[in-house]
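# Structure assessment
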Amino acid sequence: MLVHPWDAPRDERSWRLWLAEHDFGQLAVNGLPGEPPFVQPLHFAYDPGAGQLGEAVTHLARPNPLWAALDASPHVLLSVVDDYAYIPGPWQAADGAPPEHGTPTSFYAAVQLACRAQVVDDPAEKARLLNRQVGHFQEEGVTARVAPGERPFGRMLPGIRALRLEVTGVRAKFKYGAHKPEDVKERTAEGLRTRGAPRDAAALTHHARARSGD
């Protein structure tokens, strides 16, 4: 992922805060020789306090085809993309230029976590990680806790494997036109406000932040 200086997060706190609110991504695992990579969509729970760059935890079904590739290489990439919006060409036209000369583009936020994966099969540790992940998404007591050998989920534990993803590197990008002239920024902001597509409000918030330098 190319990250221009004007699209880079201002500091580490920026991408950590964004990741705290975006917990669905795609886990890319190197394929075996002669095979393409495996790309697995999944929910995850990110813990910023685990290690220098944090840790993500998740789980997958035991029949998932990626396990052999993961055994061959534990180095994976967890990619999270959201708050994206298509920006029509006329919004981007320079002041005084014909609207049709504007260049269409995309706005988006993306965080890519390079990770070292550890597969967890121990029933007690697996249950602890599952409870930790569910606790990220739900209030305590909404769903029964997982415990080996206990109802209702103990019998399901053998059918899954947990994953601890130790973050070893981060690439983050917030592409919201921070380098554009002020007239283009204002026209783009107005376009996002009036169009009102599903992710336009989030994109507008990022765009405003990029304009203010926050």
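Now for a look at the structure at hand. (Residues numbered from 1 in each chain as written. Predicted model: local features only at pLDDT ≥ 70, side-chain atom pairs only at ≥ 80, totals over all residues. Heavy atoms only, no water.)

We now examine the overall build of the protein chain. A tally of helices and strands in the protein chain yields six helices and seven strands. Starting at the N terminus, the α and β elements of the protein chain follow one another as α-β-β-β-β-α-β-α-β-α-β-α-α. Taken along its principal axes, the extent of the C-alpha atoms in the protein chain is 70 × 45 × 30 Å. Expressed as a percentage of its 214 residues, the buried residues of the protein chain come to 38%. Once local pairs closer than 6 in sequence are excluded, the contacts in the protein chain between residues at least 24 apart make up 74%. Total accessible area computed for the protein chain in this model is approximately 11,600 Å², and 54% of it derives from carbon and sulfur atoms. For the protein chain, the separation between the mean place of its 24 positive charges and that of its 26 negative charges on side chains is 2 Å. (Helix = DSSP H or I, 4+ residues; strand = E, 2+ residues; numbered from the N terminus. Buried < 20%, exposed > 50% of the residue type's maximum accessible area, 1.4 Å probe, protein only. Contact = heavy atoms within 4.5 Å. Areas by Shrake-Rupley, 256 points an atom, 1.4 Å probe, with all protein chains shown as cover. Lys, Arg positive; Asp, Glu negative; His and termini not counted. Charge placed at Lys NZ, Arg CZ, Asp CG, Glu CD.)

A word on the pairing of strand β5 (residues 75-87). In terms of strand pairing, strand β1 (residues 24-29) meets β5 through four bridges, oriented antiparallel. Within the sheet, the bridge partner assigned to V29 lies in β5 and is V76. Where β5 meets strand β6 (residues 105-120), eleven bridges bridge the pair, whose relative direction is antiparallel. In the strand pairing of β6, L78 is matched with L113. (Pairing = 2+ DSSP bridges.)

On the secondary structure map, H206 appears in helix α6 (residues 200-212). For H206, the side chain forms a polar contact with the side chain of D83, separated by 2.8 Å. (Polar contact = N/O pair within 3.5 Å; in protein donor to acceptor, adjacent residues only side chain to side chain.)

It is worth spelling out the nonpolar core at this point. Judged by nonpolar contacts, the single largest core of 37 residues is most densely connected at W15, L19, L113 and L165. In this view, L19 contacts F44, Y46, V80, V111 and L113; residues no more than four positions away in its chain are not counted. (Core = buried A, V, L, I, M, F, W, Y, C linked by side-chain atoms within 4.5 Å.)

Now for the pairing of strand β7 (residues 160-175). Both strand β4 (residues 55-61) and β7 contribute to a ladder of seven bridges, which runs antiparallel. Bridge pairing in β7 links A56 to L165. Alignment of β6 against β7, held across 13 bridges, turns out to be antiparallel. Each residue of the ladder has a partner; that of L113, found in β7, is V170.

The subject of this paragraph is the sheet that holds β7. On the basis of which strands lie adjacent, the open sheet formed by seven strands has the order β2-β1-β5-β6-β7-β4-β3 and antiparallel pairing. With partners counted over all chains shown, the strands left at the sheet margins are β2 (38-43) and β3 (45-47), one partner each. Sheet twist, expressed as the mean angle between neighbouring strand axes with direction ignored, is 35°. Relative to β2, β1 runs antiparallel, the two being bridged by six bridges. If you follow G25 over to β2, its bridge partner there is L42. (Axes fitted to C-alpha atoms, helices over the stretch in contact; angles between N-to-C directions.)

Looking at the secondary structure, you find D7 in the segment before α1 (12-20). Put simply, D7 is tucked away with no salt bridge, and the nearest opposite charge, on K173, sits 4.4 Å away. (Salt bridge = Lys/Arg side-chain N within 4 Å of Asp/Glu carboxyl O.)

Okay, the pattern of salt bridges next. A full pass over the atoms with the stated rule returns 17 salt bridges. The salt bridge partner of D121 is R161, with a shortest N-O separation of 2.8 Å. Residue D121 is located in the loop between β6 and α4 (123-137), and its partner R161 is located in strand β7; the two are separated by 40 residues in the primary sequence. Owing to a relative accessible area of 32%, D121 belongs among the partly exposed residues under this scheme. Note that D200 and R195 form a salt bridge whose closest N and O atoms lie 2.8 Å from each other. We classify D200 as buried; its relative accessible area is 2%. By relative accessible area, R195 is classed as partly exposed at 33%. One salt-bridge network, in which partners are shared between bridges, spans D47, E55, E125, R128, R132 and R164.

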